[in-house]
Amino acid sequence: MIAAISEAEAFLALHPHIDAFDLVLTDANGIARGKIIRRHELLGLYKSGRHLPISILGLDILGEDVGETGLVWDQGDADRRAWPIANSLTALYGTNRGEVLLSLHNLDDTPMMADPRHALAAQVQALADMGLTAAGAFELEFYLLDPTLKDGQVQPAHDVLDGRGGAATDVYSVDRLHGMLPLFDDIYAACALAGIKAETMISEYGAGQFELTLHYRSDILRAADDLIRLKRIVRAQARRHGILACFMAKPHADFAGSGMHFHVSLSDPAGRNILAETDAQFAPEMLWAIGGLQATMAESMLVFAPHANSWRRFAVGSYAPIAPTWGVNNRAVALRVPAGDIAARRIEHRPSGVDANPYLVGAAVLAGIRHGLTHKIEATAPVETYGSADPQMPSDWRSAIVAAEVSDFLRSALGPEMHHAFVAIKWTEFARVARHVSALDFDLYLHRV
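Residues numbered from 1 in each chain as written. Predicted model: local features only at pLDDT ≥ 70, side-chain atom pairs only at ≥ 80, totals over all residues. Heavy atoms only, no water.

**Some remarks on helix H11 (residues 416-434)**
Taking 1.5 Å per residue as the helical rise, H11 with its 19 residues ought to reach 27 Å, and the 27 Å between its terminal C-alpha atoms agrees with that figure. Listing the buried residues of H11 in full gives Met418, His419, Ala421, Phe422, Val423, Ala424, Ile425, Lys426 and Glu429. (Helix = DSSP H or I, 4+ residues; strand = E, 2+ residues; numbered from the N terminus. Expected span 1.5 Å × (residues − 1). Buried < 20%, exposed > 50% of the residue type's maximum accessible area, 1.4 Å probe, protein only.)

**Quick look at helix H6 (residues 220-240)**
If you check H6, its first and last C-alpha atoms are 30 Å apart, about what 21 residues at 1.5 Å a residue would give, namely 30 Å. When you tally the buried positions in H6, you get 15 out of 21 residues, the bulk of the element. N-capping of H6 is provided by Asp219, with a side-chain oxygen placed 2.9 Å from the backbone N of Leu221. The first or second residue beyond H6 is Gly242, which carries a positive phi of 80°. (Polar contact = N/O pair within 3.5 Å; in protein donor to acceptor, adjacent residues only side chain to side chain.)

**Section: the packing of helix H5 (residues 181-193) against H6**
With their axes 9 Å apart at the nearest point, H5 and H6 run at an angle of 140° to one another. One way to sum up the angle between H5 and H6 is to call them oblique. Judged by the twist between their axes, the crossing of H5 over H6 is right-handed. Taking contact as the criterion, the partners of Leu183, Asp186, Ile187, Ala190 and Cys191 in H5 are, on H6, Leu230, Ile233, Val234, Gln237 and Ala238. For the contact of H5 with H6, the residue count by class is eight nonpolar, one polar and one charged. (Axes fitted to C-alpha atoms, helices over the stretch in contact; angles between N-to-C directions. Parallel < 35°, antiparallel > 145°, perpendicular 65-115°, else oblique. Left-handed = near helix turned anticlockwise from the far one by under 90°. Contact = heavy atoms within 4.5 Å. Nonpolar A, V, L, I, M, F, W, Y, C, P; charged D, E, K, R; others polar.)

**Section: a nonpolar patch on the surface**
Side chains of Leu440, Leu444, Tyr445 and Val449 sit close together on the surface and give an oily, nonpolar patch of about 440 Å² of accessible area. Its location among the elements puts Val449 in the segment after helix H12 (439-445). (Patch = residues over 30% accessible without salt bridge, like charges linked within 9 Å, V, L, I, M, F, W, Y side chains within 5 Å. Areas by Shrake-Rupley, 256 points an atom, 1.4 Å probe, with all protein chains shown as cover. Salt bridge = Lys/Arg side-chain N within 4 Å of Asp/Glu carboxyl O.)

**As for unusual backbone geometry**
Not every positive phi belongs to a glycine, and Asp77 is a case in point at roughly 45°. Tracing the chain through its elements places Asp77 in the loop between strand S3 (50-53) and strand S4 (79-84). A residue is classified by how much of its surface remains accessible, and Asp77, at 27% relative accessible area, is partly exposed. Phi at Lys376 takes a positive value of approximately 50°, unusual for a residue other than glycine. Structurally, the position occupied by Lys376 is in the loop between helix H8 (358-375) and helix H9 (397-405). For Lys376, a relative accessible area of 53% corresponds to the exposed category.

**Describing the nonpolar core**
Counting residues in hydrophobic clusters, the biggest one holds 97 residues, and the most contacted among them are Phe142, Leu144, Phe184, Val264, Val303, Ile347 and Val361. Broken down by element, the residue count for this core peaks at eleven residues, all from helix H7 (residues 284-304). The contacts of Ile347, once residues within four sequence positions are left out, are Phe262, His263, Val264, Leu275, Met286, Ala289, Ile290, Leu293, Leu335 and Arg336. With 28 residues, the next largest nonpolar core counts Tyr46, Ile54, Ala91 and Ala421 among its residues. (Core = buried A, V, L, I, M, F, W, Y, C linked by side-chain atoms within 4.5 Å.)

**A few points about the pairing of strand S9 (residues 209-214)**
Within S9, six of the six residues are buried, leaving the element largely enclosed by the surrounding structure. The two faces of S9 match: Gln209, Glu211 and Thr213 on one face and Phe210, Leu212 and Leu214 on the other face are all buried. Pairing between strand S7 (residues 133-145) and S9: five bridges, direction antiparallel. Residue pairing in the sheet places Glu139 in a bridge with Thr213 of S9. The pairing of strand S8 (residues 198-203) with S9 spans four bridges and is antiparallel. If you follow Met201 over to S9, its bridge partner there is Leu212. Counting the residues between successive antiparallel strands, the hairpin from S8 to S9 contains five residues, one of them, Gly208, with a positive phi of roughly 85°. (Pairing = 2+ DSSP bridges.)

Any link to function would need more than the numbers given here.
Written as structure tokens, this is what we have:
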């Protein structure tokens, strides 16, 4: 929803010290693109929008044009109009700046459908057309690292409290959390200022790895906005403390990768959670939703694991799922039904790395659920252990790109424009990685072949 100018007027009156604003448009890779404007320009943004080049949605991971998207020279790198998203204007903690999220529109103000947020909005609307509302939240796993590499490898950051170091995993260590409290306090304060309800922080299953959960939202678009903003907050506050917040899926060979688990539930017009069972058996809607996610997971893996590094996260014996399995109270599956209050039944979607775009993840997951409900696809039997690999799932990045490119489901889930641009960007990035000669190549082959 496009914001009203009264929102900006009220904000300026309440925050006379703010003299600049970050304009944030999220691209296909989940990277913030945009501008910084001065205070006097804000009302003009809310009144008339802001012209941005269409190519901003056709960039690769390095911010370079990908002509194959059709969003660059095919259209003369023409401008489109960016509008502020309602209720996204906020102050940035510890600065004299504010921030507002944007969505891109055509010049006739129809949604520009290569914008990832519009892809998610379309799936939210498709569910609404079925009389259903999706609610949910994302979880953020990340590493806090020393900004300087040692022998080409990342190192866990020293505690900001007293400089104490440690290379142990220390999962669930409260003392490890205490060492980072000055940083975490700033993160929580920044989230509160931004209207984000950040909740539980834990020390995760890797040296320097942490997880931060977000409060459940009744609006999935706001839930994805929260995740986009939370990553920016964590990165900015870590930088202020002299350390690096890392959102690679697998920054360290010897420790666990970082996921972005997505919790989602569905309610009917009366507010009833349709995934909640009313007797000892699972609701048929729960099993159909899981069945739809299982049936579409292979075609969607490029969304959940969009980069070369993403695929290093998947390994036997890790907490990253390698097959479209599901289970109850089981963290070794791709689709987990958490234990707890039956009335709050939800699906925890676990394949995505923290490097994935939450708007596209949300779109693919909601479309998968809708596919299952529409076609009444039965879920397989739940598993209680780890499960095994599935030969029908992509096993590497290239296979995932090929599967995504030919997938009618993913084309429908993302919309034709977003699907075409996303796949084109991934092929360009794949070519860049494939032609790179790494240090490992020289170590293995220089003196041996």
